[in-house]
Amino acid sequence: MTEETHRFKAVIAGKSYTIVGQATDEHMRAVTEVLNQQFTQLKELSPNISKEDAAILMAFNAVSDQLKMAAANDHDDDTQQDPAETGE
């Protein structure tokens, strides 16, 4: 089944964006909300941070979380293998 691509309008850190993707509007709203929360938190912790630097830090954190989840999934897959496949 092919998902339909559509446009979603979001306001992130006070700037309007049109995002094209296959995710639901509900998902896009949730992502937008999390981004705005993270941006607000960064601005509170470091009021002089630029939008660009905040975006880079948020992207870094997102990729870091993604890599941690991938490693955890790999570990879970390794521990759930059939013992016959591992020679045990």
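Please refer to the structure higher up on the page.
In this report, the structure presented in the accompanying data block is examined. For every chain, the first residue of its written sequence is number 1, and the numbers climb from 1 along that sequence. Where totals are concerned, whole chains, interfaces and linings use all residues; where local detail is concerned, this predicted model gives features only for residues with pLDDT of at least 70, and gives and counts side-chain atom pairs only at 80 or more. Side-chain calculation: all heavy atoms of the structure are included, whereas hydrogens and water are not.

**Some details on the pairing of strand 1 (residues 6-12)**
Next, step 1: Following DSSP output, two strands are said to pair if at least two bridges run between them. Counting from the N terminus, the helices are the DSSP runs of H or I reaching at least four residues and the strands are the DSSP runs of E reaching at least two. Where strand 1 and strand 2 (residues 15-21) come together, seven bridges link them in antiparallel fashion. Bridge pairing in strand 2 links V11 to S16.
Next, step 2: The turn joining strand 1 and strand 2, which pair antiparallel and follow one another in sequence, is formed by two residues; a positive phi near 55° is taken by A13.

**Notes on the nonpolar core**
Next, step 1: Formed by F8, A10, I12, A13, M28, F39, L42, I49, A54 and M58, the largest nonpolar core amounts to 10 residues.
Next, step 2: Elements represented by at least two residues in this core include exactly strand 1, helix 1 (25-45) and helix 2 (51-79). Grouping buried Ala, Val, Leu, Ile, Met, Phe, Trp, Tyr and Cys residues that are joined through side-chain atoms within 4.5 Å yields what is termed a nonpolar core. Each residue is assigned to one of three classes by its accessible area relative to the maximum for its type, calculated with a 1.4 Å probe on protein chains only: buried under 20%, partly exposed between the two thresholds, exposed over 50%.

**Side note on unusual backbone geometry**
Next, step 1: In this model, A13 sits at a positive phi of 55°, which is unusual for a non-glycine residue.
Next, step 2: When you line up the elements, A13 lands in the loop between strand 1 and strand 2.
Next, step 3: In this structure A13 comes out as buried when scored by relative accessible area, which is 18%.

**What to know about a negative patch on the surface**
Next, step 1: Every patch collects residues that have over 30% relative accessible area and no salt bridge, joining them within 9 Å if they carry like charges and within 5 Å if they are nonpolar side chains (Val, Leu, Ile, Met, Phe, Trp, Tyr). In this description, accessible areas are obtained by the Shrake-Rupley approach with a 1.4 Å probe, and a residue is regarded as covered only by the protein chains that are shown. The salt bridge criterion pairs a side-chain nitrogen of Lys or Arg with a carboxyl oxygen of Asp or Glu, the two atoms within 4 Å. By the counting rule applied here, Lys and Arg register as positive and Asp and Glu as negative, while His and the ends of each chain are not counted. Each charge is placed at NZ for Lys, CZ for Arg, CG for Asp and CD for Glu. Taken together, D74, D76, D77 and D78 make up a surface patch of like negative charges.
Next, step 2: Following the sequence through the fold, D78 ends up in helix 2.
Next, step 3: Judged by its relative accessible area of 53%, D78 is exposed.

No statement about biological role is implied by the geometric values presented.
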